[in-house]
Amino acid sequence: MLKIFAPKIIDKVTINVTDAVKAKELEQAKGVMNNYLKDKHFTVRLFDSLETDAIVVQGLNEEKTALQWITILKESETPFLRKVYLAIEKLAQDSSINKKKTIYL
């Protein structure tokens, strides 16, 4: 009998947020973020900002040579998860973060 296994999902999102409500929202949206990042060439880390009441969205490319972050305020008129998704999209547009590997044949 032939067994078919689904491909293993690589976890490209790390969440280190102390605010319980925001952490729960981010955990629920983690699957959507991982799905978006599956064909991208960088990982995302979400953590609390030490200076302000904000969340930092940090992008690190696969070679670990380029790092960039975007700070998002927790409370504003734009929905929180929408701001997180926009930050990840901006990181994906940055060519130093979302850099394809060059394969020589």
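Residues numbered from 1 in each chain as written. Predicted model: local features only at pLDDT ≥ 70, side-chain atom pairs only at ≥ 80, totals over all residues. Heavy atoms only, no water.

1. Looking at the environment of S49
Relative to the helices and strands, S49 resides in the loop between strand 2 (42-48) and strand 3 (54-61). Each C-alpha atom of the pair S49 and L73 lies 9.4 Å from the other, and the pair is 24 residues apart in sequence. If near-sequence neighbours (up to four positions away) are discounted, S49 is found in contact with A54 and V56. Among the polar contacts listed, one links the side chain of S49 to the backbone nitrogen of E51, at a separation of 3.5 Å. (Helix = DSSP H or I, 4+ residues; strand = E, 2+ residues; numbered from the N terminus. Contact = heavy atoms within 4.5 Å. Polar contact = N/O pair within 3.5 Å; in protein donor to acceptor, adjacent residues only side chain to side chain.)

2. Remarks on the packing of helix 1 (residues 20-37) against helix 2 (residues 80-93)
The description of two packed helices rests on the angle between their axes and on the distance between the axes. The geometry of helix 1 relative to helix 2 is characterised by a closest axis approach of 11 Å and an angle of 35 degrees between their N-to-C directions. The two elements helix 1 and helix 2 cross, and the hand of that crossing is right-handed. Residues K22, E25, L26, A29, V32, M33, Y36 and L37 of helix 1 form the contact with helix 2, whose participating residues are F80, L81, V84, Y85, I88, E89 and A92. Counted by class, the contact of helix 1 with helix 2 contains 12 nonpolar, no polar and three charged residues. (Axes fitted to C-alpha atoms, helices over the stretch in contact; angles between N-to-C directions. Left-handed = near helix turned anticlockwise from the far one by under 90°. Nonpolar A, V, L, I, M, F, W, Y, C, P; charged D, E, K, R; others polar.)

3. Observations concerning the nonpolar core
Membership of the largest hydrophobic core comes to 22 residues, with the highest contact counts inside it found for L26, M33, L46, V57 and V84. Contributing elements (two or more residues each) for this core: strand 1 (13-16), helix 1, strand 2, strand 3 and helix 2. Ranked by the residues each element gives to this core, the list is headed by helix 2, at six residues. In contact with V84, not counting residues within four places along its chain, are L26, M33, L46 and I72. (Core = buried A, V, L, I, M, F, W, Y, C linked by side-chain atoms within 4.5 Å. Buried < 20%, exposed > 50% of the residue type's maximum accessible area, 1.4 Å probe, protein only.)

4. Brief notes about helix 1
Because an α-helix completes one turn every 3.6 residues, residues spaced three or four positions apart along the sequence face the same direction. Given a rise of 1.5 Å per residue, 18 residues ought to cover 26 Å, and the 24 Å separating the end C-alpha atoms of helix 1 matches this to within 8%. Residue A29 marks the point of greatest curvature in helix 1, where the axis turns by about 45 degrees. For helix 1, the set of buried residues is K22, A23, L26, A29, K30, M33, N34 and L37. Buried residues belonging to helix 1 abut strand 1, strand 2 and helix 2. (Expected span 1.5 Å × (residues − 1). Bend = angle between axes of the 7 residues up to and from the residue.)

5. Details of the pattern of salt bridges
Evaluated as defined, the whole model comprises seven salt bridges. Put simply, E62 and K12 hold a salt bridge, and the shortest N to O gap is 3.8 Å. One end of the pair, E62, is in the loop between strand 3 and strand 4 (67-73); the other, K12, is in the segment before strand 1, with 50 residues separating them in the sequence. Take K12: its relative accessible area is 9%, and that puts it in the buried class. Its salt-bridge partner being K22, residue E75 comes within 3.8 Å of it at the nearest N-O pair. Here E75 is found in the loop between strand 4 and helix 2, whereas its partner K22 is found in helix 1, with 53 residues between them in sequence. When salt bridges with common partners are traced through the structure, they connect K22, E25 and E75 into a single cluster. (Salt bridge = Lys/Arg side-chain N within 4 Å of Asp/Glu carboxyl O.)

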